[in-house]
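Okay, here's what each chain looks like letter by letter:
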Amino acid sequence: MIRYDHVGLRYGIGPEVLSDISFNLDPGSFHFLTGPSGAGKTSLMTLLYLGRKPTRGIISMFGQNIGAMTREQLVPIRQRVGVVFQDYRLMNHLSAFDNVALPLRIAGKPEKEIKNNVEELMHWVGLGDHMNALPNTMSGGQQQRISIARAVITRPRLLLADEPTGNLDDEIGFRLMGLFEQLNRMGTTILIATHSQVMMDKFNHSRLILDKGSMTVVPPKPKAMEGAA
Ligand SMILES: Nc1ncnc2c1ncn2[C@@H]1O[C@H](COP(=O)(O)OP(=O)(O)OP(=O)(O)O)[C@@H](O)[C@H]1O
Ligand SMILES: [Mg+2]
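Residues numbered from 1 in each chain as written. Chains lettered and ligands numbered in written order. Predicted model: local features only at pLDDT ≥ 70, side-chain atom pairs only at ≥ 80, totals over all residues.

**Observations concerning the packing of helix 3 (residues 96-106) against helix 4 (residues 111-124)**
Logical step 1: Here helix 3 crosses helix 4 at 135°, and the two axes come no closer than 10 Å. Judged by the inter-axis angle, helix 3 sits oblique to helix 4. Read as a crossing pair, helix 3 and helix 4 show a hand that is right-handed. Residues Phe-97, Val-100, Ala-101, Leu-104 and Arg-105 of helix 3 touch helix 4, and the partners they reach there are Ile-114, Asn-117, Val-118, Leu-121 and Met-122.
Logical step 2: Of the residues in the contact of helix 3 with helix 4, the class split is eight nonpolar, one polar and one charged. (Axes fitted to C-alpha atoms, helices over the stretch in contact; angles between N-to-C directions. Helix = DSSP H or I, 4+ residues; strand = E, 2+ residues; numbered from the N terminus. Parallel < 35°, antiparallel > 145°, perpendicular 65-115°, else oblique. Left-handed = near helix turned anticlockwise from the far one by under 90°. Contact = placed C-beta atoms within 7 Å. Nonpolar A, V, L, I, M, F, W, Y, C, P; charged D, E, K, R; others polar.)

Below is the structure:
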């Protein structure tokens with residue numbers, strides 16, 4: 001599904017923020033991406049939603065080397081990726097409903113289907129009473145939930161979520177992790193950047209740990225040990 005092969009990234013003439021990173025994510029797998037602030041979590045995700053090119057190495061997605069592809073060839077790749085940005089990136093002139101509906105409208109879905117799907121998901125994330133609100137009149141946690149709903153509404157093949165529960169209390173945070181797990185059971189590969197030890201302890205998935213530009217992969221705990229401290 002995703003393969004990083006000796007990937008490095010630097011911004012301008014700065015130091016390498018990712019250096020010589022190699023890993024694979026299998027189709028349908030679920031991973032946390034963790035590490036201290038500034039370790040490069042957002043940078044690693046930016047490469048996967050094609051927001052930037054690596055300065056060295058090869059990234060393959062859905063079996064194709066994305067560095068060798070034209071802009072036109074990258075469009076269908078990008079359409080298979082849902083992203084929850086750390087800073088949400090909502091459209092402030094559109095209502096909460098229209099923000100969530102946007103990817104379906106771009107995909108040309110019929111309005112009736114859009115209305116049903118968006119309303120159902122917005123109720124599910126606890127924003128049923130805020131469909132018509134503008135994002136900048138809503139709390140950080142509410143905006144975060146709009147951003148999550150927008151990212152999952154198309155059932156992407158790959159979901160990248162950058163600190164998706166950072167502004168949510170534990171109860172709603174766990175509920176949204178449940179949504180990611182449900183999506184994962186339907187086949188979506190999931191990568192979630194988080195600092196939250198609580199989330200990583202509660203949900204048993206592999207951890208990609210970034211530190212000083214390098215990565216260590218820690219597999220999930222064996223089933224028999226799940227729930228053990
Ligand atoms: N657009 C940019 N231009 C220059 N340097 C950048 C840019 N974006 C990130 N960096 C630098 O790259 C390094 C990694 O940043 P990144 O945002 O990927 O870390 P992070 O692990 O997501 O941190 P956090 O946990 O705080 O979100 C940092 O040293 C940061 O200053
Ligand atoms: Mg970040």
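Don't stop here, the text continues.
**A look at the sheet that holds strand 4 (residues 56-61)**
Logical step 1: The strand order 2-1-4-5 describes an open sheet built from four strands, whose pairing is antiparallel. What marks the edges here is a single partner per strand, and that holds for strand 2 (16-25) and strand 5 (64-65).
Logical step 2: Relative to strand 5, strand 4 is paired through two bridges, and the arrangement is antiparallel. Bridged to Ser-60 within strand 5 is Asn-65. (Pairing = 2+ DSSP bridges.)

**Comments concerning the pairing of strand 6 (residues 81-84)**
Logical step 1: Here strand 6 shows two buried faces, one formed by Val-81 and Val-83 and the other by Gly-82 and Val-84.
Logical step 2: Pairing analysis gives four bridges linking strand 6 to strand 7 (residues 158-162), with the strands arranged parallel. In the sheet register, Val-83 faces strand 7, and the bridge partner there is Leu-160. (Buried ≥ 20, exposed ≤ 12 C-beta atoms within 10 Å, placed from the backbone.)

**Describing the site of ligand 1**
Logical step 1: Taken together, the neighbourhood of ligand 1 is formed by Tyr-11, Gly-14, Val-17, Gly-35, Ser-37, Gly-38, Ala-39, Gly-40, Lys-41, Thr-42, Ser-43 and Gln-86.
Logical step 2: When residues in the shell around ligand 1 are grouped by element, the largest group, three residues, is from helix 1 (residues 41-48).
Logical step 3: In the shell around ligand 1, the residues fall into three nonpolar, eight polar and one charged. (Near = placed C-beta within 6 Å.)

**Observations concerning helix 4**
Logical step 1: Across its 14 residues, helix 4 extends 20 Å between first and last C-alpha, which sits within 8% of the 20 Å expected from 1.5 Å per residue.
Logical step 2: Restricting attention to buried positions, one finds in helix 4 the residues Ile-114, Val-118 and Met-122. Each buried residue of helix 4 lies within a common arc of 45° when the element is viewed along its axis, so the set occupies one face. In helix 4, the exposed residues that point more than 90 degrees away from the buried face are Lys-112, Glu-113, Asn-116, Glu-120 and His-123.
Logical step 3: Looking at the buried positions of helix 4, the neighbouring elements they touch are helix 3 and helix 5 (140-152).
Logical step 4: Gly-126 sits one or two residues past helix 4 and shows a positive phi near 80°. (Expected span 1.5 Å × (residues − 1). Arc of directions from axis to C-beta.)

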